[in-house]
Each structure stands twice: as C-alpha cells, then as structure tokens.
Amino acid sequence: MKKISIVVPCYNEEDVLSIFYKEINKTLLKLTQYDYEIIFVDDGSRDGTLSIMTKLSNADSHVRYISFSRNFGKESAMYAGLEHSSGDYAVIMDADLQDPPELLIPMIKTLESEDYDCVGTRRVTRKGEPPIRSFFARMFYRVMNKISDVDIISGARDYRMMRREMVDAVIDMKEYSRFSKGLFSWVGFKTKWIEYENIERAAGETKWSFWNLLVYSIEGIVAFSTRPLMISLVLGILLCFVSVLLAIVFAAKSSLDMLALIFCTVLMLGGVQLLCIGIMGKYLDKTYLEVKARPKYLISEKNVEKYNGKHSE
Ligand code: UDP
Ligand code: MG
C-alpha cells in the first residue's frame, strides 16, 4: 500500500484546524487504497493550535504533530514537515482550506498513471484579494522570471504533491533562507499544473501582511538571482560617467545655478551609493546567515520521528 504524507504548516490556526481535519477526511475516505499520515507543524502558535493537534493526534493514529519552540515561519514549517514525512508521496497544504482537499484525488491519479514527479496547483484568479496586492504579486512574478534562472509560475501555490525522489531533493537543499517556490523549480522534475479559482480562507485570518510579502519577495530574488548586484555595478559605472560629463559641461559655463546642480548631483549619487550598498548588504546578510548554519527550526515537542528511510545517508 502506498502512503501519502500530508504536511500542514499551522500558525495560530485554532479557528480552522478542526474544520480542516473534517474536510480532509472527507477526501481521504475516497482514497482508501492508500495509507496516509497527516503531519501538523505548529509553527510556534500562541493560541490553542497545539492542544487541538494533540487532541486530534490522540484520537487518530494517522495524525502526527511537530511543535516549534517559537515562530520560525512557514518555510521552516514546510521543511520540518517534509523531513519528518515518510510517504511515497508528500503534499503540502495550508490549514485554512484555501487549498481544496478534493484536488488530492486528481493529484494522486496523475502521479500514479502519468509520467510526472509532481503536481502543483496555481490560482488563476485572485478573487477576494485586494487588487493592489494582486498587482504587486503579478509584478513580482514578472521581475523574478526575468532576472533569475528559475521559472516561477504565476499564482503557483505551495500546495503540491511530490514523489519521494523530489521530496528528498528538496530536503537536500539545506539553505537557511528558504524560498520554496524557487527551490521546487530549481530541483527540476516534471511538474503538472492544476488550475483552480481562488478560495477564501475558511476561518481565522491571514498571517501575511503586505509588508511580509514584500520582504518575502526580496528574499526570493536574492536567493535565486545575482542580477541586482550587476544592476548596481552598471548603475555605478553609468553615474560616474554622467558626473564627470556634468562637471566638464558646468566648468565650461560657470552659471549661478551650479550650486543647485551640485547639490542635486551629490544627493543623487549619495542615493545611488546607498542603494548599491543596500543591495550588496542584502547578499552579505544572506551569506552571513548561511555561514552561521543555524538550525532552520527547533522542536519543543513532537510525536513523529524524522524519516530515516530512503533519503538517509
Ligand atoms: N503559516 C505558518 N507560519 C507562519 C505564517 C503562516 O506556518 O509564520 C501557515 C498558516 O498557518 C497557513 C499557511 O502558512 O496554514 C498559509 O498562511 P496564510 O493562510 O495566513 O497565508 P495566505 O493564504 O493569506 O497567503
Ligand atoms: Mg491562506
């Protein structure tokens, strides 16, 4: 019997966790030919999430949980879940039912009968999302695909089912600053995309502010492209030329406006320098974090062991 591991990162999801469990079981009932495990990862929730998890786990032996010592972020939660998963297939799902459980059926069918290693999902609409947010999201995908080598599908969710080989490949990427959308694409493997319309959260509220998303997209770019370093270099060279040129022009005709112009030039050069230093600093910051090689998460409590089967060395 093949086994499916369902990894569910949860941060303050007490409102929705029981609903999620009920809904996912409706789908799992239709998949009786498979063994399964549900691994809830409590990402340092401050509400009753963990106690709901332990309750579910005590009542149902398919349910496992991992609880972090603090909030490490969804990326760490997904990583921990995958590391502890032992299924032939692993799937990542949000707790808020924005990832429709019934899609598990076509996903598994595809992996069983077609020559794919992974089935991903993408939202084709962003209904119910603030338009400004959708706009910036689209911009991000466009920029990201232009400047990085990885191909990131617009609207792709983290909701995806992968074969063990691909899961192992993702786990093997040990970097600390994780941008999973990029990692999934970087490891390759054949992916089929299922499209669906955006669904609003079943209960509770989103953990991602606009600011969080902005920071996350910068992380993504820094993780998968060094083009910004090149941009800052080219910009620097260009501005040097311009300033020399300006100096010559204004030396030739000493007008009174010169002071204002010098002021503007200095201001602009200062700004550009800060921008370039900022870009470099961002990469240095990432390098610094990787060099420290800190754990991506710390567990305070769990009832599932790290999987040490096929992907152990
Ligand atoms: N999440 C997490 N850690 C965090 C933030 C979010 O594990 O620091 C989980 C959250 O519980 C949910 C999923 O990641 O299961 C997606 O979060 P959310 O629904 O808030 O994001 P949105 O769907 O609004 O982008
Ligand atoms: Mg959500």
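Before going into details, it helps to say that this report is about the structure given with it. (Residues numbered from 1 in each chain as written. Chains lettered and ligands numbered in written order. Predicted model: local features only at pLDDT ≥ 70, side-chain atom pairs only at ≥ 80, totals over all residues. Heavy atoms only, no water.)

**Concerning the coordination of the magnesium ion (ligand 2)**
The criterion, for reference: Atoms are scored as donors when they are N, O or S and lie within 2.8 Å of the metal, with 3.2 Å used for Na, K and Ca; no water is included, so coordination may look incomplete. For the exposure calls, accessible area comes from a 1.4 Å probe over protein chains only, and a residue counts as buried if that area is under 20% of its type's maximum, exposed if over 50%, partly exposed in between.
For the magnesium ion (ligand 2), every protein donor is listed as D96 (OD) and Q98 (OE1), and the spread of their distances is 1.9 Å. Among the residues examined, D96 registers a relative accessible area of 3% and is labelled buried. The class of Q98 is buried, set by a relative accessible area of 15%.

**A short note on the site of ligand 1**
Rules: To be near a molecule or strand, a residue needs just one of its heavy atoms within 4 Å of it. In protein, a polar contact means a hydrogen-donor-capable atom and an acceptor-capable atom, both N or O and within 3.5 Å, with residues adjacent in sequence counting only if both atoms are side-chain atoms; elsewhere, any N or O pair within 3.5 Å suffices. What sets the accessible areas is the Shrake-Rupley method with a 1.4 Å probe; for residues, cover comes only from the shown protein chains. Residues are grouped as follows: nonpolar covers Ala, Val, Leu, Ile, Met, Phe, Trp, Tyr, Cys and Pro; charged covers Asp, Glu, Lys and Arg; every other residue, Gly included, is treated as polar.
Around ligand 1, the structure places 16 residues, and the nearest of them are E13, D43, D96, Q98 and T206. Taking Y11, its main chain carries an N or O atom lying 2.8 Å from an oxygen atom of ligand 1. Between Q98 and ligand 1, the recorded distance is 2.6 Å, taken from a side-chain N or O atom to an oxygen atom. Contact with the protein chains covers 90% of the free accessible surface of ligand 1, which is 530 Å². Partitioning the shell around ligand 1 into residue classes produces 5 nonpolar, 4 polar and 7 charged.

**Structural notes on a nonpolar patch on the surface**
This is how it is decided: Within this analysis, patches are made of residues with over 30% relative accessible area and no salt bridge. Like charges are joined at 9 Å or less; nonpolar side chains (Val, Leu, Ile, Met, Phe, Trp, Tyr) at 5 Å or less. Throughout this description, the term salt bridge denotes a Lys or Arg side-chain nitrogen within 4 Å of a carboxyl oxygen of Asp or Glu. Where helices and strands are cited, they refer to DSSP runs of H or I of at least four residues and of E of at least two residues respectively, numbered from the N terminus.
On the surface, a cluster of nonpolar side chains totalling about 610 Å² of accessible area is made up of M230, L233, V234, I237, L238 and F241. With respect to the helices and strands, L238 occurs in helix α9 (residues 227-252).

**Some words on helix α3 (residues 74-84)**
Counting buried positions along α3 yields 11 of 11 residues, so the element is predominantly enclosed. Burial in α3 covers these residues: K74, E75, S76, A77, M78, Y79, A80, G81, L82, E83 and H84.

**Considerations on the pairing of strand β3 (residues 63-68)**
Condition: Strand pairing follows a simple DSSP-based rule, namely that at least 2 bridges must link the two strands. Crossovers are marked right-handed if the path from the first strand over the helix to the second runs clockwise, as seen with the strands pointing away from the viewer.
Counting buried positions over the 6 residues of β3 gives 5, a clear majority of the element. Alignment of strand β2 (residues 35-42) against β3, held across 5 bridges, turns out to be parallel. Along β3, the bridge assignment pairs I38 with V63. The parallel pair β2 and β3, bridged by helix α2 (residues 49-59), forms a crossover whose chirality is right-handed. Note that β3 and strand β8 (residues 299-302) share 3 bridges and pair antiparallel. Considered in β8, the bridge of S67 is made with E301.

**Notes on the pattern of salt bridges**
Applying the stated rule across the entire model yields 16 salt bridges. One salt bridge connects K74 with D94, and the closest N-O pair in it is separated by 2.9 Å. Placement of K74 in helix α3 and of D94 in the loop between β4 (89-92) and α4 (104-113) is noted, with a sequence separation of 20 residues between them. The exposure classification of K74 matches that of D94, with both residues buried. Notably, a salt bridge pairs K74 with D158, separated by 2.9 Å at the nearest N-O pair. In this pair, K74 sits in helix α3 while D158 sits in strand β6 (residues 156-163), placing the two residues 84 residues apart along the sequence. Here D158 falls in the buried class, since its relative accessible area comes to 9%. Sharing partners across several salt bridges, the network here consists of K74, D94, D99, R157 and D158.

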